[in-house]
Amino acid sequence: MDAMASQGSGAPAGALLEDLDSEQREAVQAPRGPVCVLAGAGTGKTRTITRRIAHLVAAGHVAPSQVLAVTFTSRAAGEMRVRLRSLDQQAGGVGTGIVQAMTFHAAARRQLQYFWPRLVGDTGWELLDSKFAVVAQAANRQSVKASTDDVRDLAGEIEWAKASLISPEAYPAEVARVGRDIPLDAAKVAAVYAGYETLKARREGTTLLDFDDLLLHTAAAIENDAAVAQEFRDRYRCFVVDEYQDVTPLQQRVLDAWLGERDDLTVVGDANQTIYSFTGATPNHLLDFSRRFPDATVVRLERDYRSTPQVVSLANRVIGAARGRMAGSRLHLVGQRPPGPEPSFAEHTDEVAEATAVAKSIKKLIQGGTAPSEIAVLYRINAQSEVYEEALTEAGVAFQVRGGEGFFSRQEVRQALLALQRAAERGAEVTGAELASGVRDLLEPLGLTVEAPTGTKARERWEALTALAELVDEDVAQRPDLDLRTLVAELRQRADSRHPPVVQGVTLASLHAAKGLEWDAVFLVGLADGTLPISHALSKGAESEAVEEERRLFYVGITRARMHLSLSWALARAPGGRQGRRPSRFLNGVAPQSPADAGPGRARKQRGPAPRCRVCNGPLTTPASIMLRRCETCPSDLDEDLLAGLKEWRLRIAKEMSVPAYVVFTDNTLIAIAETLPTDDAALVAIPGIGARKLEQFGPDVLELVRGRS
Ligand code: ATP
Ligand code: MG
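Residues numbered from 1 in each chain as written. Chains lettered and ligands numbered in written order. Predicted model: local features only at pLDDT ≥ 70, side-chain atom pairs only at ≥ 80, totals over all residues. Heavy atoms only, no water.

Draft legend 1. Local environment of helix H2 (residues 22–29). Among the residues of H2, Gln-24, Ala-27 and Val-28 are the ones counted as buried. Projection of H2 onto a plane perpendicular to its axis shows the buried side chains occupying an angular sector of 100°, all on one side. Structurally, H2 contributes buried residues whose contacts are with strand S1 (35–39), helix H3 (45–58) and strand S8 (297–301). The N-cap residue of H2 is Asp-21: its side-chain oxygen and the backbone nitrogen of Glu-23 are 3.2 Å apart. (Buried < 20%, exposed > 50% of the residue type's maximum accessible area, 1.4 Å probe, protein only. Helix = DSSP H or I, 4+ residues; strand = E, 2+ residues; numbered from the N terminus. Arc of directions from axis to C-beta. Contact = heavy atoms within 4.5 Å. Polar contact = N/O pair within 3.5 Å; in protein donor to acceptor, adjacent residues only side chain to side chain.)

Draft legend 2. Seen up close, the sheet that holds strand S13 (residues 399–401). Spatially, the six strands line up as an open sheet ordered S11-S16-S15-S12-S14-S13, and their pairing is parallel. The two strands at the open ends of the sheet, each matched to only one other strand, are strand S11 (344–350) and S13. Strand-to-strand twist in this sheet, taken as the mean axis angle between neighbours without regard to direction, amounts to 20°. Note: strand S12 (residues 375–379) against strand S14 (residues 506–510), four bridges, orientation parallel. The residue of S14 that forms the bridge with Tyr-379 is Ser-510. Each of S11 and strand S16 (561–572) touches helix H15 (residues 309–320); the most contacted strand, S16, lies at about 50° to it. Against the sheet, helix H16 (residues 351–367) makes contact with S11, S12, S14, strand S15 (519–524) and S16, and its axis sits at roughly 140° relative to S11, the strand it touches most. (Pairing = 2+ DSSP bridges. Axes fitted to C-alpha atoms, helices over the stretch in contact; angles between N-to-C directions.)

Draft legend 3. The UniProt feature "binding site: ATP" (unreviewed entry) in the protein chain, seen in detail. According to UniProt, the "binding site: ATP" (unreviewed entry) feature falls on Ala-39, Gly-40, Ala-41, Gly-42, Thr-43, Gly-44, Lys-45 and Thr-46. Here Gly-40 shows up in the loop between S1 and H3. Of the residues examined, Gly-40 reaches a relative accessible area of 2% and is grouped as buried. Setting aside anything within four residues of it in sequence, one finds Gly-40 in contact with Lys-45, Asp-270, Gln-273, Leu-301, Leu-331 and Leu-333. Inspection of the secondary structure assignment puts Ala-41 in the loop between S1 and H3. Setting aside its immediate chain neighbours within four residues, Ala-41 contacts Asp-270, Gln-273, Asp-304, Arg-306, Leu-333, Tyr-555, Thr-559 and Arg-560. (UniProt positions renumbered as here; feature names shortened; annotations may be inferred.)

Draft legend 4. Up close: the confidence of the model for the protein chain. Of all residues in the protein chain, 93% have pLDDT values of 70 or greater, and the mean over the chain is 86. In the model, residues 1–11 has pLDDT below 50 throughout and makes 20 contacts with residues more than four positions away in sequence or in other chains. Segment residues 594–608 is flagged for pLDDT under 50; beyond a separation of four residues in sequence, or across chains, it makes 30 contacts in the model. (pLDDT = per-residue confidence, 0-100.)

Draft legend 5. Looking closely at the UniProt feature "domain: UvrD-like helicase ATP-binding" (unreviewed entry) in the protein chain. Under the local residue numbering, the UniProt record ascribes the feature "domain: UvrD-like helicase ATP-binding" (unreviewed entry) to residues 18–308. Within the segment residues 18–308, helix and strand shares are 52% and 13% respectively, and the terminal C-alpha atoms sit 23 Å apart.

Draft legend 6. Inspection of the pairing of strand S3 (residues 100–103) at higher detail. When strand S2 (residues 67–71) meets S3, the two strands line up parallel, connected through four bridges. Within S3, the position partnered with Val-70 by the bridge is Met-102. One crossover worth recording links S2 to the parallel S3 by way of helix H4 (residues 74–90), and it is right-handed. (Right-handed = clockwise from strand over helix to strand, strands pointing away.)

Draft legend 7. Quick peek at the site of ligand 1. Near ligand 1 you find 19 residues, and of these Gln-24, Lys-45, Thr-46, Arg-47 and Arg-306 are the closest. In this structure, Gly-44 approaches ligand 1 through a main-chain N or O atom, which is 3.1 Å from an oxygen atom. Between ligand 1 and Arg-83 there is a distance of 3.0 Å, counted from an oxygen atom to a side-chain nitrogen or oxygen. When the free accessible area of ligand 1 is taken as 640 Å², the share hidden by the protein chains comes to 79%. Element by element, the count of residues in the shell around ligand 1 is highest for H3, at three residues. Residues of the shell around ligand 1, tallied by class, amount to three nonpolar, eight polar and eight charged. (Near = heavy atom within 4 Å. Areas by Shrake-Rupley, 256 points an atom, 1.4 Å probe, with all protein chains shown as cover. Nonpolar A, V, L, I, M, F, W, Y, C, P; charged D, E, K, R; others polar.)

Draft legend 8. Layout of the domain arrangement of the protein chain. Domain annotation for the protein chain reports domain 1 (2–108 + 219–301), domain 2 (129–209), domain 3 (337–406 + 500–610), domain 4 (407–496) and domain 5 (640–707). Each of domain 2 and domain 3 was reduced to a C-alpha centroid, and the two centroids are 36 Å apart. (Domains from an automatic or database assignment.)

Draft legend 9. Fine view of the pattern of salt bridges. Inspection of the entire model under this criterion finds 48 salt bridges. When the shortest N-O distance is used, the salt bridge between Glu-548 and Arg-323 registers 3.7 Å. Here the residue Glu-548 occupies a position in helix H23 (residues 545–558), and Arg-323 occupies one in the loop between H15 and strand S10 (334–335), the gap between them amounting to 225 residues. Take Glu-548: its relative accessible area is 3%, and that puts it in the buried class. On the accessibility criterion, Arg-323 (40% relative accessible area) is partly exposed. (Salt bridge = Lys/Arg side-chain N within 4 Å of Asp/Glu carboxyl O.)

Draft legend 10. Quick look at the side chain of Thr-103. Turning to its location among the elements, Thr-103 is positioned in strand S3. In terms of polar contacts, Thr-103 uses its side chain to reach the backbone amide nitrogen of Ala-106, at 3.0 Å.

Draft legend 11. How the structure looks around the packing of H3 against H4. Between H3 and H4, the shortest axis-to-axis distance is 10 Å and the interhelical angle comes to 50°. It follows that H3 is oblique to H4 by the angle criterion. Two packed elements cross with a definite hand, and for H3 against H4 that hand is right-handed. Contacts between H3 and H4 involve Thr-46, Arg-47, Ile-49, Thr-50, Arg-51, Ile-53 and Ala-54 on the former and, on the latter, Glu-79, Met-80, Arg-83, Leu-84, Leu-87 and Gln-90. Here the contact of H3 with H4 is built from residues that sort into six nonpolar, three polar and four charged. (Parallel < 35°, antiparallel > 145°, perpendicular 65-115°, else oblique. Left-handed = near helix turned anticlockwise from the far one by under 90°.)

Draft legend 12. Fine view of the side chain of Glu-243. Tracing the backbone shows Glu-243 in the loop between strand S6 (238–241) and helix H12 (249–259). A polar contact of 3.0 Å, which involves the side chain of Glu-243, links it to the side chain of Gln-245. When sequence neighbours within four positions are dropped, the list of residues in contact with Glu-243 reads Thr-71, Phe-72, Val-268 and Lys-515.

Draft legend 13. Broad picture of H16. When the terminal C-alpha atoms of H16 are compared, their 24 Å separation across 17 residues agrees well with the 24 Å that a helix rising 1.5 Å per residue should span. Buried residues in H16 make contact with S11, S12, helix H17 (385–394), S14, S15 and S16. The distance from a side-chain oxygen at the start of H16 to the backbone nitrogen of Val-352 is 3.1 Å, and the residue carrying that oxygen is Asp-350. Of the residues trailing H16, Gly-369 is marked for its positive phi of about 110°. (Expected span 1.5 Å × (residues − 1).)

Draft legend 14. Highlighting the sheet that holds strand S7 (residues 265–269). Strand order in the open sheet made by the six strands is S3-S2-S6-S7-S1-S8, with parallel pairing throughout. Every other strand in the sheet has two partners, leaving S3 and S8 as the edge strands with one partner each. Going across the sheet, the axis of each strand differs from the next one's by a mean of 15°, ignoring polarity. Relative to S6, S2 is paired through four bridges, and the arrangement is parallel.

Draft legend 15. Looking closely at the nonpolar core. Counting residues in hydrophobic clusters, the biggest one holds 68 residues, and the most contacted among them are Leu-378, Leu-524, Phe-554, Ile-558, Leu-565, Leu-567 and Leu-587. For Leu-378, the residues in contact, after removing those within four places along its chain, are Ala-509, Leu-511, Ala-514, Trp-519, Val-522, Phe-523, Leu-524, Val-525, Gly-557 and Arg-560. Listed in part, the 42 residues of the second largest apolar core include Phe-115, Phe-239, Val-267 and Ala-271. (Core = buried A, V, L, I, M, F, W, Y, C linked by side-chain atoms within 4.5 Å.)

Draft legend 16. How the structure looks around the pairing of S6. Across the two faces of S6 the burial is the same, with Cys-238 and Val-240 and Phe-239 and Val-241 all buried. Of the strand pairs in this sheet, S6 and S7 are connected by three bridges, and their pairing is parallel. By the bridge assignment for S7, Phe-239 is matched with Leu-265. Read from S6 through H12 to S7, the crossover connection turns out right-handed.

Structure follows, in structure tokens:
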């Protein structure tokens, strides 16, 4: 150690401590040895960990080249490198810029490259970037019938098993023990897993290694070869792990191999942000740290530097209801920012109304000076993005869909449109309910089964196809005369009219993809029971660990917001649909007028008056009646001349724009105009089917026609 001391000393160590609070400072200044920082979201975990490295280096306790900082995603590793470099400048060149900060996989890969020739000799190794082909081959050899999604899900299962250190033989029992949702029968998955490993090993002239093998082989090399262990341990002396609640048993084994008998390890994590259990991540190592290292310095950070006290208070209440082991490590966060607006809660009749309201609020924020890149809409599953893409497009707000493509660019949705188009070309001529069920039939071979499948990929595909089928149901309900050809043309039009993604736009992301990120304004949408918590978690039992993980997901979502936080849900999928949904159980006791407050069996409350018929004042329930703003059976007070005039105008505009007429306005919209005779913009947008964009495009023309009627 003394030999190292000279390499990093002489820097102004005090500067590294100035802007830290007392707990952060305690963690930074703790002597060499085990340190565990249990910290909530936004409490300065990454700041603390990078400062600790800089402090150890500046004080001469360790040379910068002997520190290995690891984390789980390239983005997080990049973030650490950036901070270490800037600390280097700040502290006058202590050398933190040369500290190795990388993912577990990158570290293992580098080490294996170095040690491999010595361990194995001449045979090289090749990294298997994607498991897909080999898994497909293994399934084939085992006579396991597997679709493309099944193969992906099988690969996911193999990854989970390897990350959890579970062999093919042990797989079925482990799956049963933890109650895991799996794509195929456990024995079949195990057979494919075993076959996959055999195929990989049999490759001529080279050894094929997948990403998990990089870790396995690295651990084994150090465990089994004293010389390798010695050399490695001389090279790295000090280890730091960020987001330690995400460590898998396999990664932990590598970390243990790196450490050997030493204990120079600093870990940082938040067990209440564990949202990747399904990939094998476990917070147990974080929670057991002080048991394993009884003399560890344990520091808790509770000051939240990211969010307003209002947001922090809601986060505390939501996670306060958590049960189980992780809840025991729960921290009560204390917001450090100046106060901001209270989080808002809104119930909507349907998803379209919810998305429209969200788009409107976003527009207002942008007009008020918030940058679009500082705004996010977060949802539970990717298929939920569709209505938000549509509403933001309609509102003229640019957006990007994070961690995936827009709805209509998804592979299964493109396949579905193609299948519908082929059927239309074959001349399928159906309308109404027959069309809606015909579409479902056409989508069935693509994965739209009656029951949701269990594999992750298969379920994502199913969710996207369900969203598409529901979109069609909605269109059909509004226009009973809609036929397949028109439907396909409209869906294509809808896809084409989407704004291309822009980097600086509003972010649409799933809660999982939002982890570790932050925005000034966050909209948490779709907070209905069955969506969050998601139904397949609920099916494991209301008090299951699966439901607890959903709660943590909600907590992660809330803590992404710096200032504005909006929470919303809808009682039905489609306008006029059955309002059978309930607000998320996680809102019980935290949202005003939540179901818990009202007691079970409460009458459904609706925001704003339910739509009523202009003629008989009866409630309106079907989409077509809402569109017409009268019961379909009530007499029409239609101005026939105006309708004819409107149709003429529509034809002219459609020709000018080279689009089909219904793209301008549908028949029902024209009928509604000719019946309600709107005289200003407000009356026009009150007609379903006329949004901000259409108002801007066609409003003046339509109002002139209405005013000019004889
Ligand atoms: P996450 O849960 O997203 O990983 P984290 O706990 O790693 O967050 P950081 O990213 O390190 O938190 O810090 C959150 C924000 O708070 C950063 O902008 C950071 O600069 C700021 N911050 C952290 N500590 C302090 C402090 N003592 N004084 C002022 N700002 C701070
Ligand atoms: Mg962090």
